[in-house]
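Analysis of the macromolecular model
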Amino acid sequence: MARSRLGILFKRYLLAGVLVLAPLAVTVYILTSGFTILDRFLGSVVARLLGHHVTGAGAVLTVLLTVLAGMIATNVVGRRLIHFTETLLARIPVVRSVYVGVKQVLDAFSVNSRAGFSRAVLVEYPRKDAWSIGFVTSKGDGVKRDSLPPNVASVFVPTSPNPTSGFLIIVSEEDLVPLDMSVEAAFKVILSGGMVWGSQENHPS
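The structure reproduced in this document is the subject of the present report. (Residues numbered from 1 in each chain as written. Predicted model: local features only at pLDDT ≥ 70, side-chain atom pairs only at ≥ 80, totals over all residues. Heavy atoms only, no water.)

Brief notes about the overall build of the chain
To be explicit about the condition: Put simply, DSSP marks the helices as runs of H or I at least four residues long and the strands as runs of E at least two long, and each gets a number from the N terminus on. Buried means the residue's accessible area, taken with a 1.4 Å probe over protein chains only, is under 20% of the maximum for its type, while exposed means over 50%, and partly exposed covers the values in between. By definition, residues are in contact when any of their heavy atoms lie within 4.5 Å. Each accessible area value is a Shrake-Rupley result obtained with a 1.4 Å probe; residue values ignore everything except the protein chains displayed when judging cover.
Scanning the chain for helices and strands turns up five helices and five strands. Relative to its full complement of 205 residues, the chain shows a buried share of 21%. Residue pairs in contact within the chain that sit at least 24 positions apart in sequence constitute 36% of those at least 6 positions apart. Surface exposure of the chain reaches about 14,800 Å², of which carbon and sulfur atoms provide 66%.

Below, the structure is given as structure tokens:
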């Protein structure tokens, strides 16, 4: 009996620990990977300029470069400069497809951005009587409507607990069930695997 209780407590604490550490681990991994790449690149630049390797030079320059980029991006002149640079990059065929694509994904998932996802909805997917949380991205104006209903919307259905991947589906507006929660709150539901819900939500009847 005691072993069974210990086993239940162990599983409970293990799951709670995963929920606490997983987001931190993913964040640290992404930041560490990015900083490591910049560290190696900038470190090699310093080594070539000085003729010898300087321990920690790449890391220091990476932090300074990140802070400088943030300072530039938060003032009017800097935003104009960034916009000008992005315009130039968008004219280069190969760079355009990579840079613009990455930027659009990051902007769409940014908490400060409201242009990416307009609202959170429930959509009957991937089969009948099975409902998934989705985010309306557009009204589907670019979709050919020869064989589609007149009023359709593009809906991104993210996977859980990693919302950066998912499926884009074209659905009739009539088949969407609006959720009484913000986009950010719906993201929390997805990240938690459905264990964390807002105080109010609508369910399909």
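Considerations on the pattern of salt bridges
Opposite charge on two side chains lets them pair, provided their charged atoms get close. Applicable threshold: Throughout this description, the term salt bridge denotes a Lys or Arg side-chain nitrogen within 4 Å of a carboxyl oxygen of Asp or Glu.
Taken as a whole and judged by the stated rule, the model has one salt bridge. With its nearest N and O atoms 2.9 Å apart, the salt bridge here joins E173 to R119. Taken together, the residues span a long stretch of sequence, with E173 in the loop between β4 (166–172) and β5 (176–178) and R119 in strand β1 (residues 119–124) at a distance of 54 residues. Judged by relative accessible area, which is 15%, E173 ranks as buried.

Describing unusual backbone geometry
With omega at 10°, the peptide bond leading from Y125 into P126 counts as cis. Note on placement: P126 falls in the loop between β1 and β2 (131–138). Positive phi values are uncommon outside glycine, yet D129 reaches one of about 70°. Take D129: it is sitting in the loop between β1 and β2. D129 sits in the exposed class, given a relative accessible area of 58%.

A word on the pairing of strand β3 (residues 152–158)
Consecutive side chains of a regular strand alternate in pointing toward one face of the sheet and then the other. To keep things clear, this is the line we draw: Pairing between strands requires that DSSP locate at least two bridges from one strand to the other.
The element β3 is largely enclosed, with a buried count of seven among its seven residues. Alternating positions in β3 separate into two faces, V152, S154, F156 and P158 on one and A153, V155 and V157 on the other, with burial throughout. As paired elements, β2 and β3 share three bridges and run antiparallel to each other. Looking at the pairing, V136 lines up with V155 of β3. In this structure, β3 lies alongside β4, joined through seven bridges in antiparallel fashion. When the sheet's bridge partners are listed, V152 is paired in β4 with S172.

Some details on helix α2 (residues 57–73)
To keep it simple, the criterion reads: To estimate how far a helix should extend, the number of its residues minus one is multiplied by 1.5 Å. Directions drawn from the helix axis to the C-beta atoms are what define this arc.
Counted at 1.5 Å a residue, the expected span for α2 with its 17 residues is 24 Å, and the 24 Å between its end C-alpha atoms agrees. A57, G58 and T62 are the residues of α2 that are buried. Buried residues of α2 fall within an arc of 125° about the axis and therefore sit on the same side. Exposed residues on α2 whose side chains face more than 90 degrees from its buried face are L64 and M71.

Concerning the pairing of β1
In the sheet, β1 pairs with β2 via six bridges, with the strands oriented antiparallel. Residue pairing in the sheet places V123 in a bridge with S132 of β2. As defined by bridge partners, β1 adjoins β5 across three bridges and the pair is classed as antiparallel. Following the sheet pairing, V123 is matched in β5 by L176.

Digging into the packing of aromatic side chains
To keep it simple, the criterion reads: The rule is short: rings of Phe, Tyr and Trp, with Trp giving its six-membered ring, pair when the centres are within 6.5 Å, and they are stacked under 30 degrees, edge-to-face over 60, tilted in between.
Inspection of the entire model under this criterion finds two aromatic pairs. Each ring, one from F135 and one from F187, has its centre 4.7 Å from the other, and the planes form 15°; the classification is stacked. Of this pair, F135 sits in strand β2 while F187 sits in helix α5 (residues 183–191), placing them 52 residues apart in sequence.

Observations regarding the environment of L65
Here L65 is to be found in helix α2. Between the alpha carbons of L65 and L38 there is a distance of 9.5 Å; along the sequence they are 27 residues apart.

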